[in-house]
Every structure is written in structure tokens, then in C-alpha cells.
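Geometric and topological summary
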Amino acid sequence: MTIASELIALLERFGARSPLPRIRALHLPPTFVPGTKSAEFCAIELDDGSIGLSYMLLGDTLASLAADTDIAALAGSDSLAVARWYETESGARRTIGFAVVNALTRCLFERTGFIPDSAADSIGLLDPQPGEHIGMIGFFGPLVPRIVSSGARLTVAELDPALSGEGAGYRVTLDPSELASCSKVLSTSTVLLNDTLDAVLANCRSARYFAMIGPGASCLPDPLFARGVTLLGGNWISDREGFIDALKHGGAWGAHARKFALLRQDYPGADALLQRLK
């Protein structure tokens with residue numbers, strides 16, 4: 001089974017045990033400005049206030065998002081039916097489906113009283129040490145100095161040829177096989193949208209620690225942990241109204257959310273969570 005099919009199967013089990021909230025709204029940021037880091041994520045809000053995020057800047061997602069009339073009329077839709085888009089569709093619909101997967105995960109966590117701990121740092125508890133070879137999937141620019149200053153060697157695997165080359169204490173490559181000797185890896189959650197996680201993990205077999213972080217890293221972690229991910233670090237929206245207002249106006253929404261860090265050994269598993277449902 002694929003990661004998408006496993007996630008949908010788990011959510012179907014959730015829906016079989018407990019009524020699922022419908023979609024209240026799709027929240028979009030202002031128009032994206034090329035060359036900036038603004039307006040990268042959209043949000044799905046469910047009727048119970050649960051919110052899930054998804055990255056919007058892969059491929060033609062933005063263009064197809066604007067042209068899809070079904071997406072424009074999501075309010076009131078069956079959340080599980082739209083979540084299935086993550087498995088069956090592509091482009092904007094897959095992106096929206098993944099946001100609903102994340103929102104339903106938040107709903108399940110809330111209903112079962114499972115609240116992941118806040119993240120202790122911004123680099124997924126990586127704790128880089130002098131001489132270690134650290135891998136990074138996707139260029140997390142603000143995090144690079146933290147790793148380089150530790151004395152660790154950093155190799156970044158990227159898809160964008162414009163970023164390729166040598167930096168100050170690190171190397172950016174288009175060849176993910178260069179991560180083969182990394183003992184620790186930090187990955188963007190966009191690998192869940194472009195279906196590259198399995199390939200990435202195959203190139204990181206020597207890594208004893210594999211952290212996936214980012215606002216989109218908020219799905220049920222079971223299929224990820226089963227494949228070798230050791231930490232999932234997503235965003236937990238704590239102020240729904242403040243977050244939505246900030247997102248829709250292009251403002252910073254960090255004050256309305258907290259970053260969480262969920263270690264594989266601290267997660268009870270979806271089976272145990274589903275058993276808690278009345």
C-alpha cells in the first residue's frame with residue numbers, strides 16, 4: 001500500500017467509529033508573489049474547528065486551484081470524500097486532499113485526548129555533532145547555520161537546479177544518493193505531496209534518525225514511522241480565529257500555532273487511539 005492509501009484507510013476506520021465533521025471552509029492566503037516565501041500554505045477548516053495545512057507551490061497547483069470550481073465550493077462537503085483526493089487525484093486536488101487528511105488527524109487527536117508535545121527546537125531534535133554527516137531534504141535556509149555551526153558536515157538534496165552548488169559549510173546537490181552516508185536527516189514534508197518519501201528513505205539507509213518537519217507534517221504518522229521516519233514535527237493551531245485572519249491577510253501566523261515534535265517511541269499508534277473512541 002502507498003502512504004496515501006494507508007492514511008485514507010486509517011481515516012476510514014475513524015469515520016466508521018465516529019461521525020466526522022464536514023468541511024467548513026478552505027482558507028487561502030493572498031496571491032503568491034514569485035520570488036518570495038509568502039503564501040505557501042492553504043488551510044482546510046472543519047466544522048469542529050480542526051485545521052489542516054498543505055503546501056501549495058508544487059507544479060501547477062496554484063493555477064489549477066484557481067480554475068477548479070469544485071474546490072471553490074468545498075464548504076459543506078464530506079471531509080472523508082475530499083480527503084480521498086490525496087490518494088486518487090493530482091495537483092491542486094491532491095494538495096487539498098492532504099490538507100483534509102491533516103485536519104482529520106487533528107480531529108482524531110482532539111477526540112482521543114492525544115496532544116503531541118511542543119518541539120524543543122526548530123531542527124527536529126537533530127542535535128548535530130562535530131564530524132557528523134547531516135542530510136537535509138529541501139533547503140531549509142534559516143536552519144542551515146544551526147547545523148553548520150555545530151561542526152557537522154551538511155549535504156542538502158534539492159530539486160531546484162538554481163540552488164545546486166557549494167555554500168558556506170554545506171553542499172546542495174540534485175543527486176539524493178549523496179545522502180547515503182548521512183547518520184541523521186531532516187526532511188521537508190513536501191515529500192508527502194510529490195510521492196518521493198520512499199525514494200528518499202531508500203537513499204538514507206544509513207540514517208539512524210530521520211525527522212520530517214514543516215506545517216504539512218501533521219498527518220497520522222503510522223505509515224511514516226513504519227517506513228523509518230523517527231520524528232514528525234508539524235504545527236498545532238492554538239488560536240483558530242487568529243490563525244485564519246493572519247493567513248488570509250498574508251501575515252505571520254506563528255503566534256497562533258505551536259510546533260510539535262512527535263517521536264516514534266512516544267506515539268501510541270492509530271489502533272490504540274481508535275480504541276479510545278466511544
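One can find the structure itself at the top, above this paragraph.
Numbering of residues starts from 1 in every chain and runs along the sequence as written. pLDDT decides what is reported in this predicted model: residues at 70 or higher carry local features, side-chain atom pairs at 80 or more are listed and counted, and totals for whole chains, interfaces and linings draw on all residues regardless. Based on all heavy atoms of the structure, the side-chain values leave hydrogens and waters out of the count.

Details of the sheet that holds strand 6 (residues 165-166)
Spatial ordering of the open sheet is given by 6-7-5-4-8-9-10-13, a layout of 8 strands whose pairing is mixed. Looking along the sheet, the strands with just one partner apiece sit at the ends: strand 6 and strand 13 (262-263). In short, DSSP must find at least two bridges between two strands for them to pair. Per the convention used, a helix needs a DSSP run of H or I reaching at least four residues, while a strand needs a run of E reaching at least two, with both numbered from the N terminus.

Concerning the side chain of S150
Within the element layout of this structure, S150 appears in the loop between helix 7 (144-148) and strand 5 (153-157). Note on S150: relative accessible area 18%, which makes it buried. A polar atom in the side chain of S150 sits 2.5 Å from the backbone oxygen of I147. Here A152 takes part through its backbone nitrogen, which lies 3.3 Å from a polar atom of the side chain of S150. For the exposure calls, accessible area comes from a 1.4 Å probe over protein chains only, and a residue counts as buried if that area is under 20% of its type's maximum, exposed if over 50%, partly exposed in between. Here a polar contact is taken to be a pair of N or O atoms separated by no more than 3.5 Å, where protein atoms must pair a possible hydrogen donor with a possible acceptor and residues adjacent in sequence count only if both atoms sit in side chains.

Here's the deal with the pairing of strand 2 (residues 41-46)
The buried count for strand 2 comes to 6 of 6 residues, which makes it a mostly enclosed element. The two faces of strand 2 match: F41, A43 and E45 on one face and C42, I44 and L46 on the other face are all buried. Inspection of the sheet shows strand 2 paired to strand 3 (residues 51-55) by 5 bridges, in the antiparallel sense. Considered in strand 3, the bridge of C42 is made with S54. The hairpin turn running from strand 2 into strand 3, its antiparallel successor, is 4 residues long, and G49 in that turn takes a positive phi close to 95 degrees.

A closer look at helix 10 (residues 240-248)
By the burial criterion, the buried members of helix 10 are G242, F243, I244, A246 and L247. Buried residues along helix 10 sit against strand 1 (23-27), strand 2, strand 3 and strand 11 (235-237). Two residues form a contact once any of their heavy atoms are found within 4.5 Å.

Topic: the packing of helix 1 (residues 3-17) against helix 6 (residues 91-112)
Interhelical geometry of helix 1 versus helix 6 gives an angle of 45 degrees and a closest axis separation of 11 Å. Regarding the angle of helix 1 to helix 6, the classification is oblique. Crossing of helix 1 over helix 6 shows left-handed handedness. Listed contacts from helix 6 to L7, I8, L11 and F14 of helix 1 are V101, L104, C107, L108 and R111. Residues are grouped as follows: nonpolar covers Ala, Val, Leu, Ile, Met, Phe, Trp, Tyr, Cys and Pro; charged covers Asp, Glu, Lys and Arg; every other residue, Gly included, is treated as polar. Of the residues assigned to the contact of helix 1 with helix 6, the class counts are 8 nonpolar, no polar and 1 charged. Note on definitions: angles span 0 to 180 degrees between N-to-C directions of axes, and those axes are lines fitted to C-alpha atoms, for helices only across the stretch in contact. Roughly parallel refers to an angle under 35 degrees, roughly antiparallel to one over 145, roughly perpendicular to one between 65 and 115, and oblique to any angle outside these ranges. Two helices that cross are described as forming a left-handed crossing if the nearer one is turned anticlockwise from the farther one by less than a right angle, and a right-handed crossing if clockwise.

Description of the sheet that holds strand 3
Strand pairing in a sheet relies on backbone hydrogen bonds. The paired strands run either parallel or antiparallel. An order of 1-2-3 is seen for the 3 strands of this open sheet, with the pairing classed as antiparallel. Edge positions in the open sheet fall to strand 1 and strand 3, since each of these has one partner strand only. For this sheet, the mean inter-axis angle between neighbouring strands, taken without regard to orientation, is 20 degrees. Each of strand 1, strand 2 and strand 3 touches helix 6; the most contacted strand, strand 3, lies at about 150 degrees to it. Here helix 10 sits on the sheet in contact with strand 1, strand 2 and strand 3, set at roughly 145 degrees to strand 2.

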